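In case you want the letters, here they are:
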Amino acid sequence: MTLFPSHPQPPTLKTVVFCRNPFDRLARLLKGRCRGVAVVSDRNVMGLYGGGLASALRRAGLQPLLLTFEPGDAHKTRRTKELIEDAMVRGGAGRDWAVVALGGGVTGDLAGFVAGTYMRGVEWLYVPTSLLAMVDASIGGKTSVNATGGKNLVGLFHRPRAVLVCTDFLRTLPGAGWRDATAEIIKHAAACDRRYFELLEKVLPLGPGTGRDALRKVIRRSVEIKAAVVDRDERELGPRSILNFGHTVGHAVEAASGYRITHGRAVAIGMVAEARISARAGLLPAGDCRRIEELVRSAGFSLPRHGPPPRAIMRSMQADKKRTGGAVRFVLLRSIGKPAASGASFTRSVPPAIVMDVVRGLAGTGR
Ligand SMILES: NC(=O)c1ccc[n+]([C@@H]2O[C@H](COP(=O)([O-])OP(=O)(O)OC[C@H]3O[C@@H](n4cnc5c(N)ncnc54)[C@H](O)[C@@H]3O)[C@@H](O)[C@H]2O)c1
Ligand SMILES: [Zn+2]
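Just so it is clear, the model here is predicted, and its values are computed rather than measured.

Q: Which residues make up unusual backbone geometry, and what values do they have?
A: A cis amide bond links Leu 204 with the next residue in sequence, Pro 205, at an omega value of 0 degrees. For Pro 205, the location among the structural elements is in the loop between α7 (194-203) and α8 (212-232). Unusually for a residue other than glycine, Arg 120 sits at a positive phi of about 65 degrees. One can find Arg 120 in the loop between α4 (105-117) and β5 (124-128).

Have a look at this one:
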């Protein structure tokens, strides 16, 4: 099946549709273009929205095969992928079927990976229902599952043919989902767009009380930024590494805490650390560094009083897979919205003494 034969690999932004009725839109997109639809969703989201999607597909003459898995990143595994694939085989899914991911980032990563390998690859479409999936996970075509030794280690690049964004889903999103996604939103602004940063200074914290217009502006701008970056560099060889701002320290904090600190919170801490490293390296003005710290706090994050020990953070940073030539590398900022590139590279190494100093200072600044 080829859903859009004239666009073998459309620019990411063109595949993103903002709409109020994503299910009808999806049904219209698929009608007459595929023989069946496998809808993948976790138990929470399937319970809330699976019925509405199934009805819309049936109205369009498509028989959906509903495939539900247990919620949470712990279930983003090869085992779950296998269960979904086996159910697709039993349900008669063929090459002329489409996969639809309905849910958060876990669902997209899993369903996209299934779509990328099922019968050597079928098309997939994504209806993101969490804020993180809308602003981050649905853009860029990375799909994966976790392995015993680490997160997202097994997967492939397989872009969805369409991403249908509807902010109404966020009415049922649990509180933690808002805050964790805000970390990636701040990252987009701090690393790529000063004006966007100024908008965030006005509208954060994001939550159920955030006005629809402000929310739409934020999601749109984050989608535009990520889409522009990944279209320049899908495989993360150069410019895409900008999106790792806050993530070198963030991943280390997350791992050193035994994953008790969520990814979003770890990235928030990582952005504060990497802004301070940028300032200590003589790149980022002190005023910009303070504004980044303030924005992180206004999103609802605090630095941990009793976080993982600095030495453990340093150790997991050393083990980071992005290590090159023996040195840990960071995305540093020259100002809000401007990463400090050196030649063709957007990452830099920094004297370990500066990093250690900043990491030691993190625990003492909590509220
Ligand atoms: N592929 C990428 O580029 C990329 C980028 C960032 C993150 N990710 C991945 O995304 C995952 C995290 O995404 P996430 O935070 O969306 O996690 P998630 O998919 O587990 O969703 C979080 C929780 O919210 C629930 N939920 C989602 N939407 C809801 C809604 N509208 N109403 C009520 N409940 C809802 C889910 O059932 C789940 O319990 C991680 O596995 C991460 O690795 C991937
Ligand atoms: Zn992240």
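Q: So, the environment of Leu 26: which residues are in play, and what are the values?
A: Summarising the element assignment, Leu 26 is placed in helix α1 (residues 22-30). Through-space distance from the C-alpha of Leu 26 to that of Leu 125 is 8.3 Å; in sequence the pair is 99 residues apart. Look past the residues within four positions of Leu 26 in its chain and what remains in contact with it is Leu 53, Val 100, Leu 125, Val 127 and Leu 164.

Q: Which residues make up the sheet that holds strand β2 (residues 36-42), and what values go with them?
A: Working definition: the strands of a sheet are paired by backbone hydrogen bonds and lie parallel or antiparallel to each other. Judged by pairing direction, the sheet is parallel, and its six strands sit side by side in the order β1-β8-β5-β4-β2-β3 without closing on themselves. The open sheet is flanked by β1 (16-18) and β3 (64-69), the only strands paired with a single partner. On average, adjacent strands in this sheet sit at an angle of 20 degrees to one another, irrespective of strand direction. Of the strands in this sheet, β1, β2, β4 (97-103), β5 and β8 (162-165) touch α1, which is tilted by about 175 degrees from β5. In the packing of helix α2 (residues 43-59) onto the sheet, contacts are made with β2, β3 and β4, and the angle to β2 comes to roughly 160 degrees.

Q: Residue-level account of the site of ligand 1, with values.
A: Around ligand 1 lies a shell of 24 residues, among which Asp 42, Asp 73, Gly 105, Ser 130 and Thr 172 are the nearest. At a separation of 2.9 Å, an oxygen atom of ligand 1 approaches a polar side-chain atom of Lys 76. The protein chains hide 80% of the 860 Å² of surface that ligand 1 would expose on its own. Of all the elements in the fold, those that place two or more residues in the shell around ligand 1 are α2, α4 and α5 (131-137). Take the shell around ligand 1: its biggest share by element is four residues, from α2.

Q: Account for empty space enclosed by the protein, naming residues and giving values.
A: Under the counting rule described, the total for this entry stands at five cavities of 30 Å³ or more. Around the largest cavity, the lining residues are Val 253, Ile 269, Pro 304, Gly 307, Pro 308, Pro 310, Ile 313, Val 359, Leu 362 and Ala 363. Those elements that provide at least two residues to the lining of the largest cavity are α12 (310-318) and α13 (352-363). In terms of residue count, the dominant contributor to the lining of the largest cavity is α13 (three residues). Class assignment for the residues of the lining of the largest cavity results in nine nonpolar, one polar and no charged. Together, Ala 268, Ile 269, Val 272, Glu 293, Val 296, Arg 297, Phe 301, Ser 302 and Leu 303 line the second largest cavity. Among the secondary structure elements, those contributing two or more residues to the lining of the second largest cavity are α10 (263-280) and α11 (286-298). When grouped by side-chain class, the residues that make up the lining of the second largest cavity number six nonpolar, one polar and two charged.

How each quantity is defined
- Residues numbered from 1 in each chain as written.
- Chains lettered and ligands numbered in written order.
- Predicted model: local features only at pLDDT ≥ 70, side-chain atom pairs only at ≥ 80, totals over all residues.
- Heavy atoms only, no water.
- Helix = DSSP H or I, 4+ residues; strand = E, 2+ residues; numbered from the N terminus.
- Contact = heavy atoms within 4.5 Å.
- Pairing = 2+ DSSP bridges.
- Axes fitted to C-alpha atoms, helices over the stretch in contact; angles between N-to-C directions.
- Near = heavy atom within 4 Å.
- Polar contact = N/O pair within 3.5 Å; in protein donor to acceptor, adjacent residues only side chain to side chain.
- Areas by Shrake-Rupley, 256 points an atom, 1.4 Å probe, with all protein chains shown as cover.
- 1 Å grid on protein atoms, 1.4 Å probe; cavity = no way out; pocket = protein on both sides within 12 Å on 5 of 7 lines; lining within 4 Å.
- Points joined across faces, edges and corners; volume = space filled by probe spheres on them.
- Nonpolar A, V, L, I, M, F, W, Y, C, P; charged D, E, K, R; others polar.

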